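The primary structure of each chain is shown beneath.
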Amino acid sequence: MADKMIENNKVSVIGEIVSGFTFSHEVFGEGFYVIEVAVSRLSEQADIIPLMISERLINVKEDYQGCTVEAIGQFRSYNRHEGVKNRLVLSVFVREIHFMEKFTDYTKTNQIFLDGYICKNPIYRKTPLGREIADLLLAVNRPYGKSDYIPCIAWGRNARFASTFEVGTRVRVWGRVQSREYTKKLSETQCEKRVAYEVSISKLECAQE
């Protein structure tokens with residue numbers, strides 16, 4: 001059952017470690033830490049993607065900044081309480097990590113597959129230049145009754161297709177994990193720069209139950 005569940009959420013990223021380890025939490029005596037990797041896009045920009053990694057997979061006392069790694073796992077979410085609100089926090093939960101020499105095939109640096117359910121009505125819009133966009137929120141089941149809530153973004157024909165989905169529709173998506181900076185207004189005088197993570201969809205289809 002658990003192995004079957006894992007098949008519905010697969011991600012692989014290759015990039016350069018650009019931070020040290022930050023302690024996140026502990027489960028049954030096993031410590032989990034967050035580290036960031038810069039994953040190159042074809043456009044020569046980079047996405048800064050957080051990895052959630054167990055101290056049993058890697059020596060968290062070492063400094064690996066500048067090393068190239070391949071991380072394989074799942075895209076996970078959890079709600080972090082901030083005052084009276086919850087904030088959706090996303091990271092790649094690492095199951096395998098491999099150190100690599102320099103990597104140049106940027107078509108394979110960032111790949112994700114999700115099989116889940118639409119849990120919010122898609123938001124369809126057009127940019128001022130007429131580009132079609134649809135925002136989706138996908139619930140992807142984990143074992144033991146838990147789910148991850150993954151924001152996804154579709155473009156063009158995919159956006160038009162996605163705009164027809166109803167809540168509860170089962171869909172499969174292929175794409176890449178991307179980071180995006182935005183400014184959050186905290187009060188009349190205070191703003192804060194934050195980073196959002198989402199899946200940029202390259203292919204999607206309705207899945208039959």
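Residues numbered from 1 in each chain as written. Predicted model: local features only at pLDDT ≥ 70, side-chain atom pairs only at ≥ 80, totals over all residues. Heavy atoms only, no water.

## Notes on the overall build of the protein
How we decide: Secondary structure follows DSSP: runs of H or I at least 4 residues long count as helices, runs of E at least 2 residues long count as strands, and numbering of each begins at the N terminus. Only the C-alpha atoms count toward the radius of gyration. The rule for a globule is 2.2 Å times the residue count to the power 0.38. Only protein chains enter the accessibility calculation, which uses a 1.4 Å probe. A residue is then buried if its area is under 20% of the maximum for its type, exposed if over 50%, and partly exposed in between.
Check the secondary structure of the protein and you find 2 helices and 12 strands. Helices and strands appear in the protein in the N-to-C order α-β-β-β-β-β-β-β-β-β-β-α-β-β. Relative to a compact globule of 209 residues, whose C-alpha radius of gyration would be 17 Å, the protein shows 18 Å and is just as compact. Counting only C-alpha atoms and orienting by the principal axes, one finds that the protein spans roughly 50 × 50 × 45 Å. Among the 209 residues that make up the protein, the fraction classed as buried is 43%.

## Observations concerning the pairing of strand β4 (residues 46-54)
Stated formally: A pair of strands is treated as paired once DSSP finds two or more bridges between them.
Most of β4 is tucked away: 7 of the 9 residues are buried. The pairing of strand β3 (residues 30-40) with β4 spans 9 bridges and is antiparallel. Counterpart to E36 in the pairing with β4 is P50. Between β3 and β4, which follow one another and run antiparallel, lie 5 residues, and E44 among them has a positive phi close to 75 degrees.

## Describing the pairing of strand β7 (residues 110-118)
With 7 of 9 residues buried, β7 is to be regarded as a mostly interior element. Examined bridge by bridge, strand β1 (residues 9-17) and β7 share 5 bridges and lie antiparallel to one another. Following the sheet pairing, K10 is matched in β7 by F113. Where β7 meets strand β9 (residues 132-141), 2 bridges bridge the pair, whose relative direction is antiparallel. By the bridge assignment, Y117 is partnered in β9 with A139.

## Focus on the packing of aromatic side chains
For the record, the criterion: Two rings from Phe, Tyr or Trp (for Trp, the six-membered ring) form a pair when their centres sit within 6.5 Å of each other. Planes less than 30 degrees apart are called stacked, planes more than 60 degrees apart edge-to-face, and all others tilted.
A complete count under the given rule lists 7 aromatic pairs for this structure. Arranged with centres 6.1 Å apart and planes meeting at 85 degrees, the rings of F21 and Y64 form a pair that is edge-to-face. Residue F21 is found in the loop between β1 and β2 (22-27), and its partner Y64 is found in the loop between β4 and β5 (68-82); the two are separated by 43 residues along the sequence. Comparing F21 with Y64 shows no difference in burial state: the two are buried.

## Remarks on the nonpolar core
Our working rule: Residues grouped as a nonpolar core are buried Ala, Val, Leu, Ile, Met, Phe, Trp, Tyr and Cys residues, joined through side-chain atoms within 4.5 Å. Contact criterion: two residues are considered in contact whenever any of their non-hydrogen atoms come within 4.5 Å of each other.
If you look at the biggest cluster of nonpolar residues, it comprises 41 residues, and the most contacted ones within it are F75 and L114. Once residues within four sequence positions are removed from consideration, L114 is found in contact with N8, N9, L138, V140, I150, C152, V171, R172, V173 and V199.

## A word on the layout of surface pockets
The condition that has to hold: Cavities and pockets are defined on a 1 Å grid built over the protein atoms alone: a cavity is a set of grid points where a 1.4 Å probe fits but cannot escape, while a pocket is an open set with protein on both sides within 12 Å along at least five of seven lines, and lining residues are those with an atom within 4 Å of any such point. Grid points are joined across faces, edges and corners, and a volume is the space filled by probe spheres set on the points. Charged residues are taken to be Asp, Glu, Lys and Arg, nonpolar residues to be Ala, Val, Leu, Ile, Met, Phe, Trp, Tyr, Cys and Pro, and polar residues to be all remaining types, Gly included.
Approximately 1100 Å³ is the volume found for the largest pocket. Taken together, 38 residues line the largest pocket, and the ones lying closest to its centre are R87, L88, V89, Y182 and V195. Of the residues forming the lining of the largest pocket, the biggest block, 7 residues, is contributed by strand β6 (residues 85-100). Its residues assigned to classes, the lining of the largest pocket shows 19 nonpolar, 7 polar and 12 charged.

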